[in-house]
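This is what each chain is made of:
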Amino acid sequence: MSARGQVSAGDLLQLVRSGRAVTRGALQQATGLSRATVGHRLDRLFRAGWLREGAGGPVGSPLGGRPAVTLEFDDAHAVVLAADLDTRHARAAVVSLSGGILAEHSGTLLVEDGPDAVLGDLGHWFAALLEKAGRAPRQVCGIGLAVPGPVDSATGRVVQPPIMPGWDGYDIRERLAGAFARAAGAAPVPVLVDNDANLMAYGEQRTGFADCSAFVLVKVSTGIGAGVVVDGSVYRGVDGGAGDIGHIRVGTDARCRCGAQGCLAAVASGGAVARRLAATGVPAASGSDVRDLLAAGHPGAAALAREAGRQVGDVLATVVTLLNPGVLMIAGDLAGTAFLTGVRELLYQRALPRSTAHLSIVTSRLGERAGLVGAAALVVEHLYAPESVEERLVALGV
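This is a predicted model, so every value here is computed, not measured.

A. Examining the overall build of the chain more closely. For the chain, the count of helices and strands is 14 helices and 14 strands. Here the C-alpha atoms of the chain give a radius of gyration of 23 Å, agreeing with the 21 Å that 2.2 N^0.38 yields for 398 residues. C-alpha atoms of the chain, sized along the principal axes, occupy 75 × 50 × 35 Å. Put simply, the chain has 398 residues, and 51% of those count as buried. Counting contacts in the chain only where the partners sit at least 6 residues apart, residues at least 24 apart contribute 60% of the total. If you average the places of the 36 positive and of the 37 negative side-chain charges in the chain, the two averages end up 5 Å apart.

The following block contains the structure:
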């Protein structure tokens, strides 16, 4: 919160959105501003369409009187577009500002086809989804994109992604904004990009574990990556490389897709399990194929998934000892009973009892929508943060 006299309309909106102050009187108390100043700054938010009056709250005085009118963030004034890319398919959606999925589509998109083709297709997907949701392109306030590689959050560009050939350093933001604008006949909107495990972790933590101050999600699909949320914020490291546990060396001579030998992903990812199954004559080419085999109760797939879980659990013992999370969530193609059993076996065997005493190991609650929910939330939190609100209000002329 800014100093008295410098509290912005964005600060007031943040207080309302967080539920810390939802009446004019409460905002005066929280900020020290006069009634007139609070009224003036709220008026700008009302004119922008971002606030609305709700039902009357409880009477604040024992002597009675009119109930205070509550203030609410109007989540119907705009929508967010979100997409989650995997190596072989993608999922996209129109999402409300409160996180509800309004329209959704999934289909084949190959990241190896390169950013021009993939992002161009996403632009068309978004235009069609808006029509399906009954929303106009002008209602879109931003786009969030989850990608299966490390991302420099300052630039939105992927940095040396092991499983995204042709994407290194590419200007994803500009290309996706332009692709959507052309496909929908709209003005370009802000685009935010982050790693898929980061956004899955962000979505899961916000919706199901908001009180957990240290949350770790591990996605095991074509590759292996982790997202870490500390005190409600994604921990990315200095340049977006935090959580890339799939490339920790685990003492094997298996060749990884990154070009190195001995990476965890080379022996314990969904792709690695698929290759081992294929070598025995079982038709499997990807982590999604392994997922289908596990769902069908295939014993060979279950045995290999459990072994992969043990290998990942061995690495996670160090992660848990270092971060001391309250929740460790397993997600992705291999996130089932066999894999989870393997993780538990090695994790509890190798980690210090102190590190696991208050640890809950769970599987994804949002499933395939976790990345979408996280990507949309990233956009909303960025666009409605106090420092962004003022700039946007000025641009709107209010």
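B. Representation of the packing of helix 3 (residues 35–48) against helix 14 (residues 386–396). Orientation of helix 3 relative to helix 14, taken along the N-to-C sense of each, is 65°, at an axis distance of 11 Å. In this structure, helix 3 meets helix 14 at a crossing whose hand is left-handed. Contacts between helix 3 and helix 14 pair Arg-44, Leu-45 and Ala-48 from the former with Val-389, Glu-390, Leu-393, Val-394 and Leu-396 from the latter. Across the contact of helix 3 with helix 14, the residue classes tally to six nonpolar, no polar and two charged.

C. Inspection of the layout of surface pockets at higher detail. Estimates place the volume of the largest pocket at around 600 Å³. Lining the largest pocket we find 39 residues, and of these Thr-87, Pro-148, Ile-163, Thr-222 and Gly-223 sit closest to its centre. Broken down by secondary-structure element, the contributors of at least two residues to the lining of the largest pocket are helix 6 (196–208), strand 11 (224–230), helix 7 (264–268) and helix 8 (270–279). A class-by-class count of the residues in the lining of the largest pocket yields 14 nonpolar, 16 polar and nine charged.

D. Examining empty space enclosed by the protein more closely. The tally for this structure, following the rule as stated, stands at one cavity of 30 Å³ or more. If you add up the space inside the largest cavity, you get close to 50 Å³. Looking at the largest cavity, the residues that line it are Asp-86, Thr-87, Arg-88, His-89, Thr-222, Ser-286, Gly-287, Ser-288 and Asp-333. Across the lining of the largest cavity, the residue classes break down as no nonpolar, six polar and three charged.

E. Looking closely at the nonpolar core. Core analysis: the largest hydrophobic core is formed by 53 residues, its most contacted members being Leu-27, Leu-45, Phe-215 and Tyr-384. Counting residues in each nonpolar core, the second largest holds 42 residues, with Ile-224, Ala-254, Leu-293 and Val-320 among its members.

F. Here's a closer look at helix 13 (residues 370–383). Here helix 13 contains 14 residues, and its C-alpha end-to-end distance of 20 Å stays within 8% of the 20 Å for a straight helix at 1.5 Å per residue. Buried within helix 13 are the following residues: Ala-370, Gly-371, Leu-372, Val-373, Gly-374, Ala-375, Ala-376, Ala-377, Leu-378, Val-379, Val-380 and Leu-383.

G. Main features of unusual backbone geometry. The phi torsion at Gln-160 lies on the positive side, around 45°, for a residue other than glycine. With respect to the helices and strands, Gln-160 occurs in the loop between strand 8 (157–158) and helix 5 (172–184). A positive phi angle, close to 50°, is found at Asp-231, a residue other than glycine. Relative to the assigned elements, Asp-231 resides in the loop between strand 11 and strand 12 (233–234).

H. Local environment of the pattern of salt bridges. Scanning the model with the defined rule gives 22 salt bridges in all. With a shortest N-O distance of 2.8 Å, Asp-194 and Arg-236 are connected by a salt bridge. Separated by 42 residues along the polypeptide, Asp-194 in strand 9 (residues 191–195) and Arg-236 in the loop between strand 12 and helix 7 bring together distant segments of the chain. Pair check on accessibility: Asp-194 and Arg-236 agree, each one buried. With its nearest N and O atoms 3.3 Å apart, the salt bridge here joins Arg-276 to Glu-307. On the criterion of sequence distance, the pair formed by Arg-276 in helix 8 and Glu-307 in helix 10 (residues 299–323) is long-range, its members being 31 residues apart. Residue Arg-276 is classed as partly exposed on the basis of its relative accessible area, which comes to 35%. The exposure class of Glu-307 is partly exposed, given its relative accessible area of 33%. Each of the salt bridges in this network shares a partner with another, and the network as a whole consists of Arg-91, Glu-104, Arg-291, Asp-292, Asp-333, Glu-368 and Arg-369.

Each value, and the rule that gives it
Residues numbered from 1 in each chain as written. Predicted model: local features only at pLDDT ≥ 70, side-chain atom pairs only at ≥ 80, totals over all residues. Heavy atoms only, no water. Helix = DSSP H or I, 4+ residues; strand = E, 2+ residues; numbered from the N terminus. Rg over C-alpha atoms; globule rule 2.2 N^0.38 Å. Buried < 20%, exposed > 50% of the residue type's maximum accessible area, 1.4 Å probe, protein only. Contact = heavy atoms within 4.5 Å. Lys, Arg positive; Asp, Glu negative; His and termini not counted. Charge placed at Lys NZ, Arg CZ, Asp CG, Glu CD. Axes fitted to C-alpha atoms, helices over the stretch in contact; angles between N-to-C directions. Left-handed = near helix turned anticlockwise from the far one by under 90°. Nonpolar A, V, L, I, M, F, W, Y, C, P; charged D, E, K, R; others polar. 1 Å grid on protein atoms, 1.4 Å probe; cavity = no way out; pocket = protein on both sides within 12 Å on 5 of 7 lines; lining within 4 Å. Points joined across faces, edges and corners; volume = space filled by probe spheres on them. Core = buried A, V, L, I, M, F, W, Y, C linked by side-chain atoms within 4.5 Å. Expected span 1.5 Å × (residues − 1). Salt bridge = Lys/Arg side-chain N within 4 Å of Asp/Glu carboxyl O.

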